[in-house]
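Chains, contacts and geometry: an overview
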Amino acid sequence: MEKEALIPYVGLITDIRQDTPDVKTFRVVSPNGGKLFEHKPGQCAMLSMPGISEAMISITSSPTNKEFMEFSVKKCGCLSSALHALEPGQMITVRGPYGRNFPVDDEFFGKDFLFVAGGIGLAPLRSVINYIRDKRENYGTIDIVYGSRSMQDLVDYKEIIDEWMKTPGFNVHLTIDNPQPEWDGHVGFVPNYVKELTPDLKKTVVMCGPPIMIKFTLGGLMDLGFSKEQIYTTMELRMKCGIGKCGRCNIGNKYVCKDGPVFRFDQLDELPNEY
Ligand SMILES: Cc1cc2nc3c(=O)[nH]c(=O)nc-3n(C[C@H](O)[C@H](O)[C@H](O)COP(=O)(O)OP(=O)(O)OC[C@H]3O[C@@H](n4cnc5c(N)ncnc54)[C@H](O)[C@@H]3O)c2cc1C
Ligand code: FES
């Protein structure tokens, strides 16, 4: 089974969306049609291009989508730059799915949620959010606080406006770091906005974003009275194998690729201090 988990599938890119100036979303299918493999919300996959490199990327589409998988990739280095130069119709390889998923069918069942995301950190949360939208009757109210540097840097803006904001029981709160003439929404950093909104203490919190956003949002939530047992995040540590074999991603005795990337904050307290 572990050997199979390392064998890459060939993926055909059928669509590429320019989401922000440096983020593109790639729609990938099997060359014979349909999805490459099944996954759960929060899992990731290793994308690669022969002769270039490989990188671990969250599967941003929901498992409820039965036709294709999507990956939102920020252009920042070797593989992501090469991916950004591709056109629909070209092939990549994909292996996975890897990692522990968000517990959508057990611990999350029936809960009210606060999702908190910054920048490309929305990518892994989009999978959970759309899973909840598609199984609406199984979950309570959903608050989403999402921020980016500017309006143009908000990933999936169209889907947020056209679909999330129109979903009953969904409250979406967008913010950008600095004022812009064409923006009449909230301006300010995500952690401050979360505190201003004084979320209900019953909510389960799921967050992903830059480490500084995570640090200050967590502090703010603790001040409001949330406990670490009700806050989940997903970690991005450099990975190679994805199956707990190469030792690239270990923190103490845990492998982020296998024991994570999804963790509850009380579980992170058990890890060595430097993380
Ligand atoms: C579980 C998981 C999920 C992820 N999900 C996503 C996602 O959905 N979308 C997304 O865009 N990214 C995601 N990432 C991050 C992505 O895997 C990295 O950004 C990856 O490095 C990009 O590959 P690259 O070849 O383009 O960049 P690289 O060439 O690897 O460079 C990326 C950056 O890291 C720096 N760098 C290069 N080598 C090192 C090194 N040895 N040590 C420290 N820094 C180095 C570079 O200067 C550059 O700024 C995820 C990572 C993990 C672990
Ligand atoms: S990436 Fe190899 S052990 Fe985690």
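The following paragraphs examine the structure supplied in this document. All of these numbers come straight from a predicted model, not from anything done at the bench. (Residues numbered from 1 in each chain as written. Chains lettered and ligands numbered in written order. Predicted model: local features only at pLDDT ≥ 70, side-chain atom pairs only at ≥ 80, totals over all residues. Heavy atoms only, no water.)

**A closer look at helix 6 (residues 211-224)**
Note the following rule: Strands are runs of DSSP state E lasting at least two residues, helices are runs of H or I lasting at least four, and both sets are numbered from the N terminus onward. Expected helix span is computed as 1.5 Å times (number of residues minus one). Only protein chains enter the accessibility calculation, which uses a 1.4 Å probe; a residue whose area is less than 20% of its type maximum is buried, one above 50% is exposed, and one in between is partly exposed. Our arc is simply the arc of the directions from the helix axis toward the C-beta atoms. Contacts between residues were defined by any pair of non-hydrogen atoms, one from each residue, lying within 4.5 Å.
Taking 1.5 Å as the rise per residue, helix 6 with 14 residues should run 20 Å; its terminal C-alpha atoms sit 20 Å apart, in good agreement. Residues of helix 6 that are buried: Met-213, Ile-214, Thr-217, Leu-218, Gly-220 and Leu-221. For helix 6, the angular spread of the buried residues around the axis is 165 degrees, confining them to a single face. Summarising the geometry of helix 6, the exposed residues directed more than 90 degrees from the buried face are Pro-211, Ile-212, Lys-215 and Asp-223. Elements in contact with the buried residues of helix 6: strand 7 (113-118), helix 5 (190-196), strand 11 (204-208), strand 12 (231-234) and helix 8 (265-268).

**Topic: the sheet that holds strand 1 (residues 9-20)**
What counts is decided by this rule: In this analysis, strands are considered paired if DSSP registers two or more bridges between them. Convention adopted: a line fitted to C-alpha atoms gives each axis, helices being fitted over their contacting stretch, and angles between N-to-C directions are expressed from 0 to 180 degrees.
Ordered in space as 4-3-6-1-2-5, the six strands form an open sheet in which the pairing is antiparallel. The open sheet has two free edges, formed respectively by strand 4 (53-58) and strand 5 (69-74), since each of these has just one partner strand. The mean angle between the axes of side-by-side strands here comes to 40 degrees, regardless of whether they run parallel or antiparallel. Alignment of strand 3 (residues 44-49) against strand 4, held across six bridges, turns out to be antiparallel. Pairing of Leu-47 across the sheet is with Ala-55, part of strand 4.

**Examining the site of ligand 1**
Just so we agree on the cut-off: We call a residue near a molecule or strand when any one of its heavy atoms sits within 4 Å of it. Within 3.5 Å is the distance limit for a polar contact, defined as a pair of N or O atoms, with the added protein rule that one can donate a hydrogen and the other accept it, and that residues adjacent in sequence qualify only through two side-chain atoms. Areas reported as accessible are Shrake-Rupley estimates using a 1.4 Å probe. Residue values count occlusion only from the protein chains shown.
Near ligand 1 you find 20 residues, and of these Met-56, Ser-72, Lys-74, Leu-79 and Ser-80 are the closest. In this structure, a nitrogen atom belonging to ligand 1 sits 2.8 Å away from a main-chain N or O atom of Ser-72. Ser-80 places a polar side-chain atom, nitrogen or oxygen, 2.5 Å from an oxygen atom of ligand 1. Here ligand 1, which alone exposes 960 Å², has 65% of that area covered by the protein. At the level of secondary structure, the elements contributing two or more residues to the shell around ligand 1 comprise strand 4, strand 5 and helix 2 (78-84).

**Observations concerning the pairing of strand 12**
Test applied: By the criterion used throughout, a crossover qualifies as right-handed when its path from the first strand across the helix to the second strand runs clockwise, the strands pointing away from the viewer.
Taking every second residue as pointing to the same face, both faces of strand 12 are buried, with Ile-231 and Thr-233 on one and Tyr-232 and Thr-234 on the other. Taken together, the three bridges between strand 11 and strand 12 define a ladder with parallel strand orientation. Across the sheet, the residue bridging to Val-206 is Tyr-232, located in strand 12. Handedness of the crossover is the feature at issue here: the chain leaves strand 11, passes through helix 6, returns alongside strand 12, and the resulting connection is right-handed. Bridge count for strand 12 against strand 15 (residues 262-264) is three bridges, and the pairing is antiparallel. Residue pairing for strand 15: Thr-234 is matched across the bridge by Val-262.

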